[in-house]
Amino acid sequence: MQFHTGLVSAEEPEGPAEIDYRLQRRRLLDEIERGVVDRDEACDIHPELLRVARNVAPAINEPCPLCQTDELRIVAYVFGPRLGPGGKCVISDEELQRIGRRRGKFTSYEVEVCAGCGWNHLRRRYPLG
């Protein structure tokens, strides 16, 4: 399952809010286990997301929920003014804080990725600044 920012509602809640996608993740994993969703669909990953996960994304000390062999990595993208339509891939907390201090409305998306099997799922979304 690919990461598409268009799948997230364009309507932003009033004030700062973090959206956690753990319940969706659990449901997807249950559907894979029951055979409702094909495992290959859940592991269909965009090549750029996989490249970032393999080369620069930090590991989070959690095994992949599907293959159980590789450690999950977190890939973070920030979208907002002057970051371009594809956003900016952020690989450190310092960089995330720098963007958060800029003027404008920025939103960070964290995706968990298994570089081994290709599992990827949006973990959370939150405003910066």
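Not measured: the values here are computed from a predicted model. All residue numbers here refer to positions counted from 1 along the written sequence of the relevant chain. Totals for whole chains, interfaces and linings use every residue, but because this is a predicted model, local features are given only for residues with pLDDT of at least 70 and side-chain atom pairs only at 80 or more, for both listing and counting. In computing side-chain values, all of the structure's heavy atoms are included and hydrogens and water are not.

> I would appreciate a short explanation of the overall build of the protein chain in the present structure.
Along the backbone of the protein chain there are four helices and six strands. Think of it this way: any DSSP run of H or I at least four residues long counts as a helix, any run of E at least two long counts as a strand, and we number them from the N terminus. Reading the secondary structure of the protein chain in the N-to-C direction produces β-α-α-α-β-β-β-α-β-β. For every residue, the accessible area obtained with a 1.4 Å probe (protein chains only) is divided by the maximum for its type, and the residue is called buried under 20%, exposed over 50%, and partly exposed between those limits. Classification of the 129 residues of the protein chain by burial places 40% in the buried group. Two residues form a contact once any of their heavy atoms are found within 4.5 Å. When contacts within the protein chain are restricted to residue pairs at least 6 apart in sequence, those whose partners lie at least 24 apart make up 61%. Reported accessibility uses the Shrake-Rupley method at a 1.4 Å probe radius. Residues are deemed covered only where the shown protein chains occlude them. A total accessible area of about 7900 Å² is found for the protein chain, and carbon and sulfur atoms account for 47% of it.

> So what exactly am I meant to see when it comes to unusual backbone geometry here?
As a rule of thumb, non-glycine residues mostly have phi less than zero, and peptide bonds are mostly trans rather than cis. Even without a glycine there, the phi angle at Gln68 is positive, about 60°. Mapped onto the elements of the fold, Gln68 is located in the loop between strand S2 (59-63) and strand S3 (71-79). Residues other than glycine seldom take positive phi values, yet Arg82 does so here, at roughly 65°. Residue classification places Arg82 among the exposed residues on the basis of a relative accessible area of 64%.

> Would you take a moment to explain the environment of Ile19 for this structure?
Relative to the helices and strands, Ile19 is located in strand S1 (residues 19-20). Each C-alpha atom, one on Ile19 and one on Arg124, is 5.5 Å from the other, the two residues being 105 residues apart in sequence. If we ignore the near neighbours within four places in the chain, the residues touching Ile19 are Arg123, Arg124 and Arg125.

> Would you take a moment to explain the packing of aromatic side chains for this structure?
Working definition: an aromatic ring pair is given by the centre-to-centre distance plus the angle between the planes. Within 6.5 Å between ring centres, the rings of Phe, Tyr and Trp (the latter by its six-membered ring) count as paired, and their orientation is classed by plane angle as stacked under 30 degrees, edge-to-face over 60, tilted in between. Summed over the entire model, instances satisfying the criterion amount to one aromatic pair. Between Phe79 and Tyr109 the ring centres are 5.4 Å apart and the planes differ by 80°, which places this aromatic pair in the edge-to-face class. Placement of the pair is Phe79 in strand S3 and Tyr109 in strand S5 (residues 106-113), with a sequence separation of 30 residues. Take Phe79: its relative accessible area is 17%, and that puts it in the buried class.

> I'm lost on the pattern of salt bridges in this one. Help?
Pairs can form between side chains of opposite charge once their charged atoms are near each other. Every case where a carboxyl oxygen of Asp or Glu lies within 4 Å of a side-chain nitrogen of Lys or Arg is listed as a salt bridge. All told, the structure shown has ten salt bridges when counted by the stated rule. Among the salt bridges present, the one from Glu110 reaches Arg124, with a minimum N-O distance of 2.9 Å. Pair noted here: Glu110 is in strand S5 and Arg124 is in strand S6 (residues 120-128), with a separation of 14 residues, a long-range link.

> Looking at this structure, how should I read the environment of Leu49?
Positionally, Leu49 belongs in helix H3 (residues 47-55). Exposure remark for Leu49: the relative accessible area of 3% places this residue in the buried category.

> Looking at this structure, how should I read the confidence of the model for the protein chain?
Averaged over all residues, the pLDDT of the protein chain is 86; the fraction at 70 or higher stands at 88%. Across the chain, each position has a pLDDT score giving the predictor's confidence in that residue, from 0 to 100. Taken element by element, the predicted model of the protein chain shows its lowest mean pLDDT in helix H4 (residues 93-100) (88) and its highest in helix H1 (residues 22-34) (95).

> Explanation requested: a positive patch on the surface in the structure shown.
Without a salt bridge and with relative accessible area above 30%, a residue can belong to a patch; like charges are then joined within 9 Å and nonpolar side chains (Val, Leu, Ile, Met, Phe, Trp, Tyr) within 5 Å. In this tally, Asp and Glu contribute negative charge and Lys and Arg positive charge; neither His nor the terminal groups of the chain are included. By convention, the charge on Lys lies at NZ, on Arg at CZ, on Asp at CG and on Glu at CD. A contiguous patch of positive charge, built from Arg82, Arg98, Arg101 and Arg102, is present on the exposed surface. Secondary-structure assignment places Arg82 in the loop between S3 and strand S4 (88-90).

> Looking at this structure, I do not really get the nonpolar core. What am I missing?
Nonpolar side chains tend toward joint burial in soluble globular proteins. With 15 residues, the main nonpolar core has Ile45, Leu49, Val75, Tyr77, Val111, Val113 and Leu122 as its most contacted residues. For this core, the secondary-structure elements that each account for two or more residues are H3, S3 and S5. Per element, the largest residue contribution to this core is four residues, and it comes from H3. To define a nonpolar core, start from buried Ala, Val, Leu, Ile, Met, Phe, Trp, Tyr and Cys residues and group those joined through side-chain atoms within 4.5 Å. Leu29, Cys43, Leu66 and Cys67 belong to the second largest nonpolar core, which has twelve residues in total.

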